[in-house]
Amino acid sequence: MLQVLQRALMQADPRLSRFTPLPRILSFDDFSNGMSGWTALTGNYEETLDNVLPAFRGMYAPQLSCATHWDTGSHGGLSNSYALKIATRSTRGALNLVLKRLTFPEVCTIQVEFYAAAKPEANELRLSDRDVGSFGILLDLQDPDRTEAPGRRAMPHLKYRNARDGKLIQRWQYKSSVESPHQVGTTGETRSHPHFADEGWQDIQDGHQILCYNELPTKLNWHYVRMAVDLRSMKVTALQCNDRHFNTASIETMVMPAWPNLACMLNICLFCETATDKRCFYYVDSILVSGDWGHE
């Protein structure tokens, strides 16, 4: 009876009814109400910022944006005025990643759903559909602090590779290879690793998908994305974009031994990459994180 009531209440709320969450909602961010804890990825450092790894130095904070363009004015979000804007630098291959830092309340299935749109900076009067390199989501997870078994740090990576070298790719990919961590500083207590680099990505089986890209770089069409991960196995159990439900059986997760001080970590990361010397923008209207703890 309680689940029926919960579902009825959600369906009556237009902000929530466009999502399909698991029974427990961990967070819901509508960026018309603020940043909601989303922040820049700062590379690890110790004693001086000079030992931040080069891959992290191009990262900077997201913005609240009404998606203003020179020809149409303010586009706004999906159903309100603002969206979270993730912007790259104007250098080919530049990537920016932002995140929300959480912990999970129980080992269960965690699901992330959001509405997003990717566009290049509209500084040319042409289609520009090959200027966005990629956009995606990754989770940074770690097992609880248990003494009976070695812990894992797991990082499921998924991205939509839109274009490369002027050619459309339009394919979902995953990454499971682990880069070697780098020691930061002199105490031996701090490490860092650039796990989001362009190398090592593999195609998801039957992962080709043509997304809606309206005729101009100033026209936005919002896309629905859903990802689920089972914290027991650290495997991706669901990937959906709009009407496509992808087979996740072949998707492997980046796994390494647990790092110190990160028990029950649940970091949600969104990123985009430019394929040209032009900034790429990833707009996120709203995002909902849910789980099934307490519903065995």
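Use the structure listed above.
Figured I'd write up the structure that's included with this text.

Analysis parameters
- Residues numbered from 1 in each chain as written.
- Predicted model: local features only at pLDDT ≥ 70, side-chain atom pairs only at ≥ 80, totals over all residues.
- Heavy atoms only, no water.
- Helix = DSSP H or I, 4+ residues; strand = E, 2+ residues; numbered from the N terminus.
- Rg over C-alpha atoms; globule rule 2.2 N^0.38 Å.
- Areas by Shrake-Rupley, 256 points an atom, 1.4 Å probe, with all protein chains shown as cover.
- Salt bridge = Lys/Arg side-chain N within 4 Å of Asp/Glu carboxyl O.
- Buried < 20%, exposed > 50% of the residue type's maximum accessible area, 1.4 Å probe, protein only.
- Contact = heavy atoms within 4.5 Å.
- Polar contact = N/O pair within 3.5 Å; in protein donor to acceptor, adjacent residues only side chain to side chain.
- Core = buried A, V, L, I, M, F, W, Y, C linked by side-chain atoms within 4.5 Å.
- Disulfide = S-S within 2.5 Å.
- Phe/Tyr/Trp six-rings, centres within 6.5 Å; stacked < 30°, edge-to-face > 60°.
- Lys NZ or Arg CZ within 6 Å of the ring centre and 35° of its normal.
- Pairing = 2+ DSSP bridges.

### Considering the overall build of the protein
Tallying secondary structure elements over the protein gives 1 helix and 21 strands in all. What you see for the protein is a C-alpha radius of gyration of 19 Å, in line with the 19 Å of a compact globule of 296 residues. When the backbone C-alpha atoms are referred to their principal axes, the protein occupies close to 60 × 55 × 35 Å. Accessible surface computed for the protein: about 13,700 Å², of which carbon and sulfur atoms make up 50%.

### Considerations on the pattern of salt bridges
Counted by the stated rule, this structure contains 20 salt bridges. As a salt-bridge pair, D198 and K159 come within 3.2 Å of each other at their nearest N and O atoms. In this pair, D198 is assigned in the loop between β14 (190–192) and β15 (201–208) and K159 in strand β11 (residues 157–164), connecting sequence segments 39 residues apart. On the accessibility criterion, D198 (29% relative accessible area) is partly exposed. Salt bridges sharing common partners tie together K159, R161, R164, D198 and E273.

### Concerning the environment of E113
Along the chain, E113 turns up in strand β8 (residues 109–120). In this structure, the C-alpha to C-alpha distance between E113 and A154, residues 41 residues apart in sequence, is 20 Å. Ignoring sequence-local partners within four residues, the contact set of E113 consists of F19, T20, P21, Y224, V225, R226, S286, I287 and L288. One polar contact links E113 to Y224, side chain to side chain, over a distance of 2.5 Å.

### Concerning the side chain of T109
Mapped onto the elements, T109 comes out in strand β8. T109 sits in the buried class, given a relative accessible area of 14%. When residues no more than four places from it in sequence are discounted, the contact partners of T109 are L22, A228, V229, D230, R232, T237, S290, G291 and D292.

### Observations regarding the nonpolar core
F114, I137, L158 and I268 are the most contacted members of the largest nonpolar core, which totals 47 residues. Formed by 17 residues, the second largest nonpolar core is a distinct cluster that contains L95, L97, M155 and F271.

### Quick look at the state of the cysteines
Summed over all chains, the structure comprises 0 disulfides. Left unpaired, C108 is separated from the closest cysteine sulfur, that of C264, by 10 Å. With no disulfide of its own, C280 lies closest to C272 among cysteine sulfurs, the gap being 4.1 Å. Accessibility expressed as a relative area gives 0% for C280, which makes it buried.

### A look at the packing of aromatic side chains
Summed over the entire model, instances satisfying the criterion amount to 10 aromatic pairs. For the ring pair W172 and F246, a centre distance of 6.2 Å and an interplane angle of 55° mean the geometry is tilted. Placement of W172 in strand β12 (residues 167–175) and of F246 in the loop between β18 (244–245) and β19 (254–257) is noted, with a sequence separation of 74 residues between them. The residues W172 and F246 share a single accessibility class, namely buried. Among the aromatic residues, those joined into a cluster by ring pairs are F135, Y160, W172, F246 and Y282. Between R18 and the ring centre of Y115, over which it is positioned, the NZ or CZ distance is 5.6 Å. One Lys or Arg, K119, reaches over the ring of Y213 and ends 3.5 Å from the middle of that ring.

### A word on the pairing of β12
Both β11 and β12 contribute to a ladder of 7 bridges, which runs antiparallel. By the bridge assignment for β12, R164 is matched with K167. Hairpin connection between β11 and β12: a loop of 2 residues separates the two successive antiparallel strands, and D165 in this loop has a positive phi of roughly 55°. Inspection of the sheet shows β12 paired to β15 by 4 bridges, in the antiparallel sense. The residue of β15 that forms the bridge with Y174 is Q202.

### Overview of the side chain of Q170
Mapped onto the elements of the fold, Q170 is located in strand β12. Setting aside anything within four residues of it in sequence, one finds Q170 in contact with Y160, R161, N162, G207, H208, Q209 and I210.

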